[in-house]
Amino acid sequence: MEKTRIAVLVSGGGTNLQALLDAEGRGELPSGSIRLVVSNVKGAYALTRAETAGVEALTLTKKACGGQAGFEEALQKALEARKIELIVLAGFLSILSGDFSARWDKRIINIHPSLIPSFCGKGYYGLKVHEEALRYGVKVTGATVHYVNEVPDGGQIILQKAVDILPEDTAETLQRRVMEQAEWVLLPRAAELVSARIQNEKAGNKA
Ligand code: GAR
């Protein structure tokens, strides 16, 4: 059966992208194939990771595209040209419009570094999420993979994993533990689950 064609959207270092590429390399993404990486930030290290893995990498910035609408139009064209069927947001730190997410209903997943509905929504990204968890004083945090809809971090939850917070944690040590124990495990697993679901839908449509 043809594999689900995946695009990964990134903005930064790309450790979650690396987890996906490594999982595919180990045969742990049997239903999907990573075909494209798109960064909305010039020079993001994630682009180098894609190139090293032999995956096509593109940079599309809002600035170069003349704003959000132009960015999404260019993105849509790039995705269509490569027949992409699933978008994985892996540290993509820009919010997609409701129109775009509606067009890709149940075809975009995102990893968020907290247990949604805590510490999520507009303004909660990267290290900031962990700073807020420490400030609040919660003793357990984690990561969530969810479908993307018009509400930032508001789509249906696919997978979640809890991670303990230790008394000596800083935002940086906590971020690292959440990545190691939760994000890098959950994202490849969710990508496989959704890729398999899309494959099954295609098979059903053909029958
Ligand atoms: C990750 O912790 C990811 O969960 C988070 O940004 C980091 C990116 O790291 N995403 C969000 O906060 C989305 N709201 P990476 O570039 O090394 O994967």
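Summary of the structure given here.

Definitions and cut-offs
Residues numbered from 1 in each chain as written. Predicted model: local features only at pLDDT ≥ 70, side-chain atom pairs only at ≥ 80, totals over all residues. Heavy atoms only, no water. Axes fitted to C-alpha atoms, helices over the stretch in contact; angles between N-to-C directions. Helix = DSSP H or I, 4+ residues; strand = E, 2+ residues; numbered from the N terminus. Parallel < 35°, antiparallel > 145°, perpendicular 65-115°, else oblique. Left-handed = near helix turned anticlockwise from the far one by under 90°. Contact = heavy atoms within 4.5 Å. Nonpolar A, V, L, I, M, F, W, Y, C, P; charged D, E, K, R; others polar. Near = heavy atom within 4 Å. Polar contact = N/O pair within 3.5 Å; in protein donor to acceptor, adjacent residues only side chain to side chain. Areas by Shrake-Rupley, 256 points an atom, 1.4 Å probe, with all protein chains shown as cover. Core = buried A, V, L, I, M, F, W, Y, C linked by side-chain atoms within 4.5 Å. Buried < 20%, exposed > 50% of the residue type's maximum accessible area, 1.4 Å probe, protein only.

### Describing the packing of helix 6 (residues 127–136) against helix 7 (residues 171–206)
One can describe the packing of helix 6 onto helix 7 by two numbers: an axis separation of 9 Å at closest approach and a directional angle of 110°. In terms of orientation, helix 6 and helix 7 fall into the roughly perpendicular class. Regarding helix 6 and helix 7, the two cross each other, and that crossing is right-handed. Note on element contacts: helix 7 touches helix 6 through A171, E172, L174, Q175 and V178, opposite L127, H130, E131 and L134. Considering only residue class, the contact of helix 6 with helix 7 consists of 5 nonpolar, 2 polar and 2 charged.

### What about the site of the ligand?
Around the ligand sit 14 residues, and of these G14, T15, N16, G126 and E183 come closest. Between an oxygen atom of the ligand and a main-chain N or O atom of G14, the distance comes to 2.8 Å. In the complex, the protein chains occlude 91% of the 450 Å² of accessible area that the ligand would expose alone. Of all the secondary-structure elements, those providing two or more residues to the shell around the ligand are helix 1 (15–25), strand 5 (108–112) and helix 7. When its residues are assigned to classes, the shell around the ligand shows 6 nonpolar, 7 polar and 1 charged.

### What about the nonpolar core?
Within the largest apolar cluster, 35 residues are counted, with the highest numbers of intra-cluster contacts made by V8, L17, L20, I34, V88, I109 and L187. Examining the composition of this core, we find that 9 residues originate from one element, helix 7, more than from any other. Once you skip the residues sitting within four places of it in the chain, I109 turns out to touch I87, V88, L89, V145, H146, Y147, V148, I158, L187, A190, A191 and V194. Of all hydrophobic cores here, the second largest spans 17 residues; its members include V38, L79, W104 and I108.

### Here's the deal with the packing of helix 1 against helix 7
Close contact between helix 1 and helix 7 brings their axes to 9 Å; oriented N to C, the two are set at 55°. If you check the angle between helix 1 and helix 7, you find them oblique. Our pair here, helix 1 against helix 7, has a crossing hand that is right-handed. Judged by residue contacts, T15, N16, A19, L20 and A23 of helix 1 engage M179, E183, W184, L187, P188 and A191 from helix 7. When its residues are assigned to classes, the contact of helix 1 with helix 7 shows 8 nonpolar, 2 polar and 1 charged.

The analysis is restricted to geometry; functional conclusions fall outside its scope.
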